[in-house]
Amino acid sequence: MAHLGSRRTRAMTLPVGLALTASLGFLPTGTASAAPVDAQPTAAVSTDGPKLSYVVNTRGGHGTVKQVKKAIAKAGGTVVIAYEQIGVIVVHSQNPDFAKSIRRVRGVDSAGATRTNPIVPQATKDIGVEQPLTAEQAGAASAQATADQDPLEPLQWDLPAIKADQAHKKSLGSKKVTVAVIDTGVDDTHPDLAPNFDRGASANCVTGAPDTTDGSWRPKTGESDHGTHVAGTIAAAKNGIGVTGVAPGVKVAGIKVSTPSGFFYTEAVVCGFIWAAEHGVDVTNNSYYTDPWLYNCKNDPDQGALVEAVTRATRYAEHKGTVNVAAAGNSAEDLAADELVDTTSPNDTTPVTRTINPRECFDIPTMLPGVVTVSATGAKGLKASYSNYGNGVIDVAAPGGDSTVYQTPAPPATSGLILSTLPGGNYGYKAGTSMASPHVAGVVALIKSTHPHASAAVVKALLTAEADATACGAPYDINGDGTVDAVCEGGKYRNGFYGAGVVNALNAVRW
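Every residue gets a number counted from 1 within its own chain, in the order that chain's sequence is written. Reporting of local features is limited, given that this is a predicted model, to residues whose pLDDT is at least 70; pairs of side-chain atoms are given and counted only at 80 or more, and all residues count toward the totals for whole chains, interfaces and linings. Computation of side-chain values covers all heavy atoms of the structure but excludes hydrogens and water.

Draft legend 1. Structural detail: the overall build of the protein. Scanning the protein for helices and strands turns up eleven helices and 18 strands. Using a 1.4 Å probe on the protein chains alone, a residue whose accessible area is under 20% of its type maximum counts as buried, one over 50% counts as exposed, and one in between counts as partly exposed. Here the protein holds 511 residues, and the buried ones make up 60% of them. Helix numbers and strand numbers start at the N terminus; a helix is a DSSP run of H or I with at least 4 residues, a strand a run of E with at least 2.

What follows is the structure, encoded as structure tokens:
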């Protein structure tokens, strides 16, 4: 079957603009390495290797971190930032043996390089091609908009698909609730985003340390528009212009974590979750996977350290009350399978082909415990052709768009993709699980608005309880060629395509 996009796309954006990836599953707690006898590396160190970034995961508190910092310096490393709250230190080093050396230090649980490509300036590249909204389409939509709709809302078939249009008659969400878009950056100058933008909860985390310089969270010219599109789906204002978000009354923040080339490295992702947790963010949306490995195998010393670092960050955020929502991925794969073939890792140098067990090798952050994993549906309510799935893996489903040929929306909508905001005051269509995840983040924001004192666990329980249970249905032949394209396992109330069901925004504001 021909899919909208390639098997793996960093920005889960199909050729029409699908979104970023993420997978699912259950992540066990990282195991600490055996404590060595010596507390400091003593051998002479080399400093002529490629400059790489590392995460060093420590045990204990401030005293341990302080001692490990001394060892890092002796091993030829420079501390970028230490997140003592979770015992994660971000380090740069040109010592080829840095990770091997620091793993022997007392108090270090694990350490690993976050990339295989040296830290060098990288050229920008397009990681997703959107379909811009034409003036003709905009004019036709505006002519059909009712008095209570924004001009482009008639083209947003995704809002009634989750009963968001009905929810808005009861509540638009609370200004006290903030959703952070951990992504490629958000253009807060967009007229549909500016009214709801939370500057205090926004930052640039690309280096692993937060930069709060004014506008640092915005995508630069030539960089991906992905984060801005995601932000509009969550919280585009209901202000008489453009589109309407799922939760148009809540705040949205931008936490930029991708390099100009579109890579989401571990140190940036860790920074993003910690920043959100420390700045009162209620929900994070994560429509990406953490580069350079699509799946990080815990038995690999480098990859295992990356899993541990991001796990600590997501757990810390949830402990602070944040609900983390993530996209399932666009590979049309069964994430509950016994094995999967990865041909794209590492994606920042030379990929190799490897067969992995998804119960032991994790796509982070989506495969981490506690993270809400989202599959995508199209305009007919079926699993989108590209969406990953998996019984016991998918938590809920939401509109992510699909080929208009496969799933054609009812008029007046004309495209089976998701319409949202683009930088520079523009609008356009994209599709992918990246577009499904922000619909769920928006519904979570409405639940939090209705239940302001609910814990993250309670909010997640309400999300699944309020979802519209969706059965597997007939054998899945999305392109009608007589061949089953994917097998849905499970019953009506829990299955591999839709999890607990399609999210329901109306239930979120009335329960």
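That covers the picture; the talk isn't over yet.
Draft legend 2. Main features of the sheet that holds strand 4 (residues 108–113). Pairing between strands is defined by DSSP: at least two bridges between the two strands are required. Here we have four strands laid out as an open sheet, ordered 2-3-1-4, and antiparallel in their pairing. The sheet is open, and its two edges are formed by strand 2 (77–83) and strand 4, each paired on a single side. Each adjacent strand pair in this sheet contributes to an overall mean axis angle of 20°, direction not counted. Pairs of residues are marked as contacts when any of their non-hydrogen atoms sit within 4.5 Å. For every element, the axis is a line fit to its C-alpha atoms; helices are fit only across the contacting stretch, and the angle between N-to-C directions ranges from 0 to 180 degrees. Packing of helix 7 (residues 266–278) onto the sheet brings it into contact with strand 1 (52–58), strand 2 and strand 3 (88–93), and relative to strand 2 it is tilted by some 25°.

Draft legend 3. Examining the environment of Val374 more closely. The topology assignment puts Val374 in strand 15 (residues 372–377). By relative accessible area, which is 0% here, Val374 ends up buried.

Draft legend 4. Representation of helix 6 (residues 226–235). Most of helix 6 is tucked away, with ten of its ten residues classed as buried. Those residues of helix 6 that sit buried are His226, Gly227, Thr228, His229, Val230, Ala231, Gly232, Thr233, Ile234 and Ala235. Of the surrounding secondary structure, the elements contacted by the buried residues of helix 6 are strand 6 (178–183), strand 8 (251–256), strand 9 (283–286), strand 17 (418–422), strand 18 (426–430) and helix 9 (433–450).

Draft legend 5. Layout of the environment of Gly329. For Gly329, the location among the structural elements is in the loop between strand 11 (323–327) and strand 12 (340–345). It is 7.7 Å that separates the C-alpha atoms of Gly329 and Ser375, two residues lying 46 residues apart in sequence.

Draft legend 6. Geometry of the sheet that holds strand 5 (residues 131–132). Here we have three strands laid out as an open sheet, ordered 5-18-17, and antiparallel in their pairing. In this open sheet, the two strands that pair with only one neighbour each are strand 5 and strand 17. Across two bridges, strand 5 lies against strand 18 in antiparallel orientation. Bridging from a neighbouring strand, Gln131 pairs with Tyr429 of strand 18. Relative to the sheet, helix 6 contacts strand 17 and strand 18, its axis offset from that of strand 17 by approximately 115°.

Draft legend 7. Structural context of the nonpolar core. In this structure, Val440, Val443 and Leu463 are the most contacted members of the largest nonpolar core, which totals 73 residues. Tallying contributions element by element places helix 9 first for this core, with nine residues. When neighbours within four sequence positions are excluded, Leu463 is seen to be in contact with Val372, Val396, Val440, Val443, Val444, Ile447 and Val503. By convention a nonpolar core is built from buried Ala, Val, Leu, Ile, Met, Phe, Trp, Tyr and Cys residues, the set being connected through side-chain atoms within 4.5 Å. Grouped together as the second largest cluster of nonpolar side chains are 50 residues, Cys205, Val269, Ala317 and Leu335 included.

Draft legend 8. Just unusual backbone geometry, in detail. The residue after Ser345, namely Pro346, is reached through a cis peptide bond having omega -10°. In this fold, Pro346 is placed in the loop between strand 12 and strand 13 (352–356). That bond from Ile364 to Pro365 is cis: its omega, 10°, falls within 30 degrees of zero. By secondary structure assignment, the location of Pro365 is in the loop between strand 14 (361–362) and strand 15. One non-glycine residue, Lys163, lies in positive phi territory at about 60°. When you line up the elements, Lys163 lands in the loop between helix 4 (158–161) and helix 5 (164–167). Phi is positive for Ala332, close to 55°, though the residue is something other than glycine.

Draft legend 9. Structural view of the pairing of strand 11. With five of its five residues buried, strand 11 lies for the most part within the structure. Neither face of strand 11 is left uncovered, since the one carrying Val323, Val325 and Ala327 and the one carrying Asn324 and Ala326 both have all their residues buried. By the bridge criterion, four bridges tie strand 9 to strand 11 in an arrangement that is parallel. Bridge pairing in strand 11 places Asn286 opposite Ala326. The pairing of strand 11 with strand 15 spans three bridges and is parallel. When the bridges of strand 15 are listed, Val325 appears paired with Val372.

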